[in-house]
Amino acid sequence: MSATAAPSSPHVMNTYGRLPIALSHGQGCRVWDTEGRAYLDGLGGIAVNTLGHNHPELVPALQEQIAKLIHSSNYYHVPGQEQLATKLTELSGLTNAFFCCTGLEANEAALKLARKFGHDKGIERPEIVVYEAAFHGRSIATLSATGNPKVQQGFGPLVEGFIRVPLNDIEALKKATEGNPNVVAVFFETIQGEGGIHPMRWEYLRQVRQLCDERDWLMMIDEVQCGMGRTGKWFAHQWAGIKPDVMPLAKGLGSGVPIGAVVAGPRAANLFAPGNHGTTFGGNPLAMRAGIETIRIMEEHKLLDNAANVGAHLKGALERELGGLPGVKEIRGQGLMLGIELDRPCGVILNRACEAGLLLSVTADSVIRLVPPLILSVAEADEIVAILAPIVKTFLAEATP
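Reading the values: the criteria
- Residues numbered from 1 in each chain as written.
- Predicted model: local features only at pLDDT ≥ 70, side-chain atom pairs only at ≥ 80, totals over all residues.
- Heavy atoms only, no water.
- Pairing = 2+ DSSP bridges.
- Helix = DSSP H or I, 4+ residues; strand = E, 2+ residues; numbered from the N terminus.
- Contact = heavy atoms within 4.5 Å.
- Expected span 1.5 Å × (residues − 1).
- Buried < 20%, exposed > 50% of the residue type's maximum accessible area, 1.4 Å probe, protein only.
- Polar contact = N/O pair within 3.5 Å; in protein donor to acceptor, adjacent residues only side chain to side chain.
- Axes fitted to C-alpha atoms, helices over the stretch in contact; angles between N-to-C directions.
- Core = buried A, V, L, I, M, F, W, Y, C linked by side-chain atoms within 4.5 Å.

(A) Spotlight on the pairing of strand E3 (residues 38-41). Pairing analysis gives three bridges linking strand E2 (residues 30-33) to E3, with the strands arranged antiparallel. Note that in E3 the partner of Trp32 across the bridge is Ala38. Linking E2 to E3, which pair antiparallel, is a turn of four residues; within it Gly36 sits at a positive phi near 90 degrees.

This is the structure in C-alpha cells:
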C-alpha cells in the first residue's frame, strides 16, 4: 500500500469494512487507486461491471443519453423501458418486466408478487419457501428471506411467512410443505452468491419446476448475481432447461449504472395493477440505455461464450494450482462466478490480494469469490491465478483451522 495516509470517510455511516484504498479510474479489467497503483479487477464491482471499465462503446452511449434525458418519472411512457423489456423477454422466454434500481428492490417486488398471487387465490397468509445460506437483500422483507443469521441479528422481528429448506433436497422441500395450503412460491438463487457460491443442481431445478406446476406455486429465481451471462448463458437456470415464473435481475444488467428488473411469465406478469407497486427512479432513461447497450455489446462481442470459455480456463487453472491442497475444500461455480472454499475463515486474503494488486472478495467467511468482468481474457485469468495461488498457499501454511 502507499505510504501516504489511507483514505477515510469520517462523515459516512460505518456500514462497510473497507480496504484502505480509494479507486480513481479504470480501463478494461484494471483499475487504479488515487495513489496511482494498478489492480486487476477480479470482483467487477461485485458482479456489476459486466463490460469492465471505460468500455469504448458503452461510455459514448451513456454520454449521449445524459445529454438528452436522465430522468423523467413513471408518470410518462419511457420508450427505453419497452425496448429493454422486449429484449429481456426475448432472452428469457417470459412476457413482461418491471424496472427498479437494485437487486434488493427486484427481490422485494418478487415477494410482493408472490403474496398478491396468494391473496388473489384467497390465501390470507401466504408463505414462501426460501433456502439455507440464501441472500436476497437487506430490507426487512428480503432480510427475512435471507438465510444468514449474522446479517439478520439486531433487526428483529423479521417478517413472517417464510419456510426455510436446505439446497438440492427435493424430499426436504416436500416434507417442509406437506399439507400446507398457504404455500404460494419457491424463491432461490440458481447459484448462491453471498452464501458462498453454492449452485443448485440442474436436476433439482427441474424437480422444483415440476413441483411448482403440480401444486400451483410460483417458481421465483433470483438471478441478480448469477444472471446476465455470468455463467455462459443469459440466466443460470437456463442450463437446466427450465423457465421461472418470476425472475429478479440487477447487478450486471447496467454495467455499473444502478438498475434492477423483475421479469415475469404469464402466471405472474399481470398480478400488479396501477397502484400496487411503483418506483421513483426505476426505469429512468439513463438506466434503460445502460441495459440496452450492455446487452447489445454482450451479443456483438459474444461475451456469453467468453464467460463460459475463460471461466472454464480459470477454474481449471485454479484446480491445478490449488485443488487437493490440504485446507482447500472445493473449487466450484460456473463461468465467471467462482468460489474457492477453504477449511477456515480467510478474510485476511482480501487484504493480501489487494496488496498484491488483485481485487476479489471473501464471502461466507471462508469462500474466496471471483466475479470479474465478462470481458476477462485468458491472459488475465492466468494473471489472477499467478497472484492468488501463492497467497492462498502461504495462508494455508501459516494458519490453523
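(B) Quick peek at the environment of Leu350. Note on placement: Leu350 falls in helix H11 (residues 348-355). Along the primary structure Leu350 and Lys233 are separated by 117 residues, whereas in three dimensions their C-alpha atoms are 29 Å apart. Beyond its immediate sequence surroundings of up to four residues, Leu350 is in contact with Leu19, Leu360, Ser361 and Val362.

(C) Spotlight on helix H9 (residues 285-300). With 16 residues, H9 extends 22 Å from end C-alpha to end C-alpha; this agrees with the ideal 22 Å at 1.5 Å per step. Counting buried residues in H9 gives 13 out of 16 residues, a clear majority hidden from the surface. The N-capping residue of H9, defined by a side-chain oxygen 3.0 Å from the backbone nitrogen of Leu286, is Asn284. Downstream of H9 by one or two residues, Lys302 has phi in the positive range, about 55 degrees.

(D) Spatial organisation of the sheet that holds strand E17 (residues 367-370). Reading across the sheet, the four strands line up as E13-E14-E17-E16 and stay open at both edges, with antiparallel pairing between neighbours. Two strands close off the open sheet at either side, each with one partner strand: strand E13 (328-334) and strand E16 (361-363). Pairs of neighbouring strands in the sheet enclose a mean axial angle of 25 degrees, with direction left out of account. Alignment of E13 against strand E14 (residues 337-342), held across six bridges, turns out to be antiparallel. By the bridge assignment for E14, Gln334 is matched with Met337. Helix H10 (residues 303-322) rests against E13, E14 and E17 of the sheet, and its axis sits at about 175 degrees to E13.

(E) Region of interest: the environment of Val348. Residue placement: Val348 occurs in helix H11. Its relative accessible area of 34% is what places Val348 among the partly exposed residues. Separated by 14 residues in the primary sequence, Val348 and Val362 place their C-alpha atoms 8.7 Å from one another.

(F) Layout of the nonpolar core. Counting 63 residues, the largest nonpolar core has Leu314, Leu318, Leu342 and Leu388 as its most contacted members. Looking at which element gives the most residues to this core, the answer is helix H12 (residues 378-398), with ten residues. For Leu388, the residues in contact, after removing those within four places along its chain, are Leu318, Ile340, Ile349, Leu358, Leu360, Ile368 and Leu370. Within the second largest apolar cluster, 24 residues are counted, among which are Ala109, Ala110, Leu111 and Ile123.

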